[in-house]
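Structural overview
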Amino acid sequence: MSDLILIMDFGGLHKELLARTVRDLQVYAEIIPWHLSADKIRAMKPTGIIITGNQENAPDAVKCDPGLFELGVPVLAYNLAGVPVPSTGNNIHTVDMTQTKDLQGIIKDFIFNECHAKGGYKLEDYISTQVELIRETTAGRNVLLALSGGVDSSVCAALLSKAIPGKLTCLFVDHGLMRQDEGDQIEEIFSKRDLKFIRIDAAERFVGKLKGHADPETKRKIIGEEFIRVFEEEAKKLGKIPFLAQGTIYPDIVESGGAHGATIKSHHNVGGLPENLDFEQIVEPLSGLFKNEVRKIGLMLGLPEYLVNRQPFPGPGLAVRIMGDVTFQKLNTLRRADAIVREELDKLPESERPDQYFAVLTDTSSVGVKGNNRTHDPVLAIRAVTTQDFMTCSYTPIPHELLNRMAVRISSEIEDVSRVVYDISSKPPGTIEWQ
Ligand code: XMP
């Protein structure tokens, strides 16, 4: 077994950053909760341990297994603010906020000089290990995947089709709330791969159910429930399929309590699947990967760059970018405006491009002039943000010339928009999405 650095989490914000930093140095890292027993940790045969967190987030940390610090491996305490860990002997190396400017340098020194890790962990190895594992687990039987066209489910499909060509069925429920041409692009990419691709055109069903509902949470709920219903109906038509694949990634597991015994949070999002479907086993081949690693693997598996590096897009799609109720007409207006916004911002060099950018159709109408007539049409907003992690963001100061070009194009190419405004809210207090 190659090197393993454990990130022992006493709560707080640094665990994922630390694990990613270690992996970027080509050493495998895993996050474990502070309450894991010394015996379990010993069985994992770590090369070294990094402990991180603060007392506020781990008030019970004093109860952690005192054997933890007698494992005989080097320990680095990273920004361990006030956690009452037991006395640790002399093999602990402490780093606090005043020294963490060069995080990579500190970690590098720790894992290579103190832990004597050899390095060499590569994503290619992850692919080959998973391919073997998927083949072994599924043993020639079929696998079903709910493909949304998002990065995770797309990479999951690509990995599975490499491992078990012809044995994967991808069910793509097209809820009609996607961006311009997106459904067709997904079909184009996956219908060429060695898998069975089924696209369900359910736009009428979803828009029908959403009719008259303006409340954002109600809209999300309707979409989530309808997704389950459609998926269930279609999966039943396929007969018995023993395995269900999911594009769960490592942060999903870490953020919902971890793979080491805590409860897994259920995501109240589109893509949540029915619980009463009769699968023998769930297959989650991306569950050891961070998002940046998922993207890299996607490219290695030959998925197009635009799909792998796409911006986040909410599960309920354009429904949460239309204020008020959702209609086909509003979807059409927003889709066209959004395509213009993305087309214009895509022209910027990558270093100047915002991290997420889109159009929002407000439920406010205002007076406008078209030819000799006064009109009374909706106000359209442009949102563009710069962010590291999508948890906080600043609005992107787009040059006025470019804002003007988008506004002119939207007003001239789309009949039913009266005016265009630019959202200059940061997060907090504003979220990235409007609903
Ligand atoms: P907010 O709006 O909370 O969004 O600042 C943060 C990031 O999450 C995305 N987002 C969602 N993604 N389902 C998703 O899959 C959702 O319901 C959802 N709501 C927000 C959002 O686009 C942004 O990148």
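The notes below deal with the structure included here. (Residues numbered from 1 in each chain as written. Predicted model: local features only at pLDDT ≥ 70, side-chain atom pairs only at ≥ 80, totals over all residues. Heavy atoms only, no water.)

1. Let's talk about the sheet that holds strand β3 (residues 48-54)
Judged by pairing direction, the sheet is parallel, and its five strands sit side by side in the order β2-β1-β3-β4-β5 without closing on themselves. Both outer strands of the open sheet, β2 (28-33) and β5 (92-95), are each paired with one neighbouring strand and no more. Neighbour to neighbour, the strand axes of the sheet diverge by 20 degrees on average, direction disregarded. Those strands touched by helix α1 (residues 15-24) are β1 (4-10), β2, β3 and β4 (75-81), and its axis lies near 160 degrees from that of β2. Its contacts with the sheet place helix α3 (residues 103-114) against β1, β3, β4 and β5, and it is angled at close to 150 degrees to β4. (Pairing = 2+ DSSP bridges. Helix = DSSP H or I, 4+ residues; strand = E, 2+ residues; numbered from the N terminus. Axes fitted to C-alpha atoms, helices over the stretch in contact; angles between N-to-C directions. Contact = heavy atoms within 4.5 Å.)

2. Observations concerning the sheet that holds strand β7 (residues 168-174)
Across the sheet, five strands lie side by side as β8-β7-β6-β9-β10; this open sheet has parallel pairing. The open sheet has two free edges, formed respectively by β8 (196-201) and β10 (281-283), since each of these has just one partner strand. Strand-to-strand twist across the sheet, computed as the mean angle between neighbouring axes with direction ignored, equals 25 degrees. For strand β6 (residues 143-146) and β7, the ladder comprises four bridges, and the chain directions are parallel. Considered in β7, the bridge of Leu144 is made with Thr169. Along the sheet, helix α5 (residues 151-163) makes contact with β6, β7 and β9 (243-245), crossing β6 at roughly 160 degrees.

3. A look at the packing of aromatic side chains
Using the criterion set out here, one finds six aromatic pairs in the structure. The interplanar angle of 15 degrees and the centroid separation of 6.3 Å between the aromatic rings of Phe10 and Trp34 together place this pair among those described as stacked. Residue Phe10 is found in strand β1, and its partner Trp34 is found in the loop between β2 and α2 (38-43); the two are separated by 24 residues along the sequence. On the accessibility criterion, Trp34 (15% relative accessible area) is buried. When the ring centre of Phe313 is taken as reference, the NZ or CZ atom of Arg179 above it lies at 4.0 Å. Positioned over the ring face of Phe358 is Arg321, at 3.7 Å from the centre of the ring. (Phe/Tyr/Trp six-rings, centres within 6.5 Å; stacked < 30°, edge-to-face > 60°. Buried < 20%, exposed > 50% of the residue type's maximum accessible area, 1.4 Å probe, protein only. Lys NZ or Arg CZ within 6 Å of the ring centre and 35° of its normal.)

4. Observations concerning the environment of Gly48
By the secondary structure assignment, Gly48 is in strand β3. Judged by relative accessible area, Gly48 falls into the buried class, the value being 0%. The spatial distance from the C-alpha of Gly48 to the C-alpha of Val75 is 6.0 Å, given a sequence separation of 27 residues.

Any functional reading would require information beyond the geometric quantities listed.
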